[in-house]
Structure formats: C-alpha cells, structure tokens
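Spelled out, the chains give:
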Amino acid sequence: MITIRNGANGKVAIINGKTYTLVRYYEHTALDGVFFLAVAGRVPLKPDDLAEHWQVIRSGNVYLALSARPFSYHLIEGEGAKTDAPNWPRLKSPAACYAFVGPTEEAVRTQIELTLERYHARITLEDALDRSTKVADLCDGPPAYLLRADRL
C-alpha cells in the first residue's frame, strides 16, 4: 500500500502510485501496520488511495490520513456509540487499541486526558500513560501513544 524511500530532502512516500513528502508515519503490529501518516504534495491524497475506513484531512498541500478504528474514541462507550463527526465512518465495534497522535508529546498527553474525561473517567491520566505503548515516528516527530481498549 505504501512504499517509503529516502529522498534528497527527507523521506518520500509512494501511495497508490502518487509521490509525497513524508511528514509523519506511525505503524504498529497491534493496529495491523500503518495507522497514521502525514504527507505533503500537490497531488490530492484520497481515502480510496489507502484501505477501507481511512479518513483524510487536507490543509493546503498537507494531508493527514488516519485509520478510523483506532481514532474512533466514541466507541469506548460501547457498540452503537455515535460520533460527533458526521463524515466519520460508521464502525460497530471498538478498536483493540486506541491511538493518540499530536504535534507535540504534551499535546498527545492532553488529548488522552480529554478523551478519558469525556468517555471513561475510571482511570487516571497517569494510569493510562503507564499502561500505554509509545510508538516512534519514522520521521523523528513526537511519539504516538497506544492504549489497549481492555486496559481502559
């Protein structure tokens, strides 16, 4: 699906035959491989360039691509929970792991804290961080955090 190569100015991603500058790239076996990437390029990146249930968000020439299941925090509430995002794919079952990605590690921790407050207040942020797995970014950005659903 995605080929990564070293380019003159950093890493390059080839997705469905389209070439992009790779900005962020996270993958983990618990989430069956790639679960988030950020790329920059002139050619539009579309969800169908990736696999089923991916969301792509565009800002200028930068594209954020998210595998929807690990970012569907509303499913922490259980089967049939509804999301606030009208264009989010309808998923019936929660993820085995929830992923948290942000521009800084502090932003990721804040995102986890807000998610715990909203959906599942029975564990503390410190407990969640202790139970999480850090996933390195291939482009040396801040780590992503994975929280196993059964530990929430």
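Residues numbered from 1 in each chain as written. Predicted model: local features only at pLDDT ≥ 70, side-chain atom pairs only at ≥ 80, totals over all residues. Heavy atoms only, no water.

K.L.:
Any details on the nonpolar core? Residues and values, ideally.
P.N.:
One finds Phe35, Phe36, Phe71, Tyr98, Phe100 and Ile112 to be the most contacted residues of the largest nonpolar core, which totals 33 residues. Elements with a minimum of two residues in this core: strand S4 (33-40), strand S7 (97-100), helix H1 (105-119), helix H2 (125-131) and strand S9 (144-148). Leave out the neighbours within four places in its chain, and Phe36 touches Arg24, Tyr25, Tyr26, Trp54, Leu64, Ala65, Leu66, Phe71 and Val101. In this structure, Tyr20, Val34, Leu37 and Ala65 belong to the second largest nonpolar core, which totals 14 residues. (Core = buried A, V, L, I, M, F, W, Y, C linked by side-chain atoms within 4.5 Å. Buried < 20%, exposed > 50% of the residue type's maximum accessible area, 1.4 Å probe, protein only. Helix = DSSP H or I, 4+ residues; strand = E, 2+ residues; numbered from the N terminus. Contact = heavy atoms within 4.5 Å.)

K.L.:
An account of the sheet that holds strand S8 (residues 133-135) is needed here, citing residue identities and associated values.
P.N.:
Adjacent strands of a sheet form backbone hydrogen bonds with each other and so pair up, either parallel or antiparallel. Across the sheet, 3 strands lie side by side as S7-S9-S8; this open sheet has antiparallel pairing. Strands with a single pairing partner mark the edges of an open sheet, and in this sheet they are S7 and S8. The mean inter-strand angle of the sheet, taken between neighbouring strand axes irrespective of direction, is 25°. Strand contacts of H1: S7, S8 and S9, with the helix running at about 25° to S9, the strand carrying the most contacts. (Pairing = 2+ DSSP bridges. Axes fitted to C-alpha atoms, helices over the stretch in contact; angles between N-to-C directions.)

K.L.:
Now, about a nonpolar patch on the surface: what can you tell me, with residues and values included?
P.N.:
A contiguous nonpolar patch, built from Ile57, Val62 and Leu64 and spanning about 210 Å² of accessible area, is present on the exposed surface. Position of Val62 among the secondary structure elements: in strand S6 (residues 62-67). (Patch = residues over 30% accessible without salt bridge, like charges linked within 9 Å, V, L, I, M, F, W, Y side chains within 5 Å. Areas by Shrake-Rupley, 256 points an atom, 1.4 Å probe, with all protein chains shown as cover. Salt bridge = Lys/Arg side-chain N within 4 Å of Asp/Glu carboxyl O.)

K.L.:
Help me get a handle on the sheet that holds strand S1 (residues 2-7), residues and values and all.
P.N.:
The strand order across the open sheet formed by 6 strands is S1-S2-S3-S4-S6-S5, and the pairing between neighbours is antiparallel. Edge strands, defined here as strands with exactly one partner in the open sheet, are S1 and strand S5 (54-59). For this sheet, the mean inter-axis angle between neighbouring strands, taken without regard to orientation, is 35°. Note: S5 against S6, 6 bridges, orientation antiparallel. Across the sheet, residue Ile57 finds its bridge partner in S6, namely Leu64.

K.L.:
Explain the environment of Leu64 to me, using residue names and the numbers behind them.
P.N.:
Mapping Leu64 onto the fold places it in strand S6. Considered as a pair, Leu64 and Cys97 are 33 residues apart in the sequence and their alpha carbons are 20 Å apart. Excluding residues that lie within four positions of it along the chain, Leu64 makes contacts with Phe36, Leu37, Ala38, Gln55, Val56 and Ile57.

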